[in-house]
Structure formats: C-alpha cells, structure tokens
Amino acid sequence: MIAFLLLQAAAVPTTAATPAPNWKLADRTNSAGVRSISTSVTGNDGLSRFVVKCDVAAEPIVSIQFIQPQPLGQGPDKPVAVRFDGGPAFTYNWQFPGTGTYVTDPEAITRLTTFLVKSKTVRVETTNGANFAVQANFVAPISDAMIRQVLGVCGYTLGVVPTPPPPPKDTQ
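Before going into details, it helps to say that this report is about the structure given with it. Keep in mind that this is a model prediction, so the values were computed, not measured.

1. Considering the overall build of the protein chain
Along the protein chain, the regular secondary structure elements total 3 helices and 9 strands. Counting from the amino terminus, the protein chain carries its helices and strands in the arrangement α-β-β-β-β-β-β-β-α-β-β-α. Per-residue burial for the protein chain yields a buried fraction of 35% across its 172 residues. Pairs at least 24 apart in sequence give 50% of the contacts found in the protein chain among residues at least 6 apart. Element-wise, carbon and sulfur atoms account for 57% of the exposed surface of the protein chain, whose accessible area totals about 10,700 Å².

See the structure below:
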C-alpha cells in the first residue's frame, strides 16, 4: 500500500511556484539633463507594465502609467479604472498617447499611490482605440519605500495632495 502511494505521488507533476514579479527602481538622467526616476512592475500577463514615475525638468511631473504591448490608441483623455485588492474602482481620465496611458493629476496620483502601497493586487481596466476592453493585473509593492522615493524626488509626500506654490508677489 505504501509503495502504491509513493508511486501515485511520483506520478503527480509538481510545478514550481512562479515567483511574483518584483517592483524595480530605475533612476536615469538623459543627455539634456532631465532626470527620470521610476518604479515599475510587469503584469501577470508578462507583458503589461504599471509604472509610478517622476520626471524632473524645468518643473517636476509625477505620473502613473499603464503600458501595454498592443497600442491603446491615441486621442482624447478617456476613463481608466484602477482597483486594489478587487475593491471598487478609482476612475480618472488618463491621457492616451499610443501604447500606454498615463495620469498626472496630483489628486489622482495621491489617491492611487496611497492605496497602492496598502494593497496586494492592482487591476487596471480601460479600452483600446477600437473600444475593446483591456485589462491587466499586477502585484502591489511589498513596501512603500520605492514609491516614497519616486514621489520624494518630485517633492511629493505619500498620502498628501501637493499644493501649488503661491503666485509670485507683484514687485511694484
């Protein structure tokens, strides 16, 4: 009987657990002196990417990006829904320049990054240029360190909507 159980156990294929994709940090400066720091993860499909990025040029810009291998279409802003741990969707209008889409609204950045660092999973849902549904699932970062680092380079604090600087005073 024991031999039968051993043979049966040997016949069951064992699959090694595929490690969850890791978030990666990239910090670059181009030849024009523009610094870009980002943290990103590849989707469960092995192709899509979810990115939190800070570009520092004349003025720092933080964006959250969803990049797909297939073009999402170009055109006017349209809704993108982001869900954390299968919860309700946070929907904002994102810009669609081609194979990716992004949002730069400080309130959206603050809300999405605040939920991102407290979650285990992220799901992005939108439509492509032909209005077909596009979605991708991602693992959330295991800590808030990289998100805080990216936001900090652009002067953001995780969980705080940045306030615009006051207008310059008249010098009369």
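Additional details are given in the paragraphs that follow.
2. Notes on the side chain of S48
Counting through the fold element by element, S48 comes out in the loop between β2 (35-42) and β3 (49-56). For S48, a relative accessible area of 0% gives the class buried. Only 2.7 Å separates the side chain of S48 from the side chain of D45, close enough to count as a polar contact. Looking at S48, its side chain comes within polar contact range of the side chain of Q68, at 2.3 Å. Those residues in contact with S48, other than ones at most four positions away along the chain, are V41, T42, G43, F66, I67, Q68, P69, A136 and F138.

3. What to know about unusual backbone geometry
Of note in the backbone geometry, D85 takes a positive phi value of approximately 55 degrees without being a glycine. Looking at where D85 falls in the secondary structure, it is placed in the loop between β5 (73-84) and β6 (89-98). Not every positive phi belongs to a glycine, and N131 is a case in point at roughly 65 degrees. Mapped onto the secondary structure, N131 falls in the loop between β8 (121-127) and β9 (133-139). Using a relative accessible area of 61% as the deciding quantity, one classes N131 as exposed.

4. Notes on helix α3 (residues 145-153)
Listed as buried for α3 are I147, V150 and L151. Projected onto a plane normal to the axis of α3, the buried residues spread over an arc of 95 degrees and lie on a single side. Following α3 by one or two positions, G155 has its phi on the positive side, about 85 degrees.

The rules we used
Residues numbered from 1 in each chain as written. Predicted model: local features only at pLDDT ≥ 70, side-chain atom pairs only at ≥ 80, totals over all residues. Heavy atoms only, no water. Helix = DSSP H or I, 4+ residues; strand = E, 2+ residues; numbered from the N terminus. Buried < 20%, exposed > 50% of the residue type's maximum accessible area, 1.4 Å probe, protein only. Contact = heavy atoms within 4.5 Å. Areas by Shrake-Rupley, 256 points an atom, 1.4 Å probe, with all protein chains shown as cover. Polar contact = N/O pair within 3.5 Å; in protein donor to acceptor, adjacent residues only side chain to side chain. Arc of directions from axis to C-beta.

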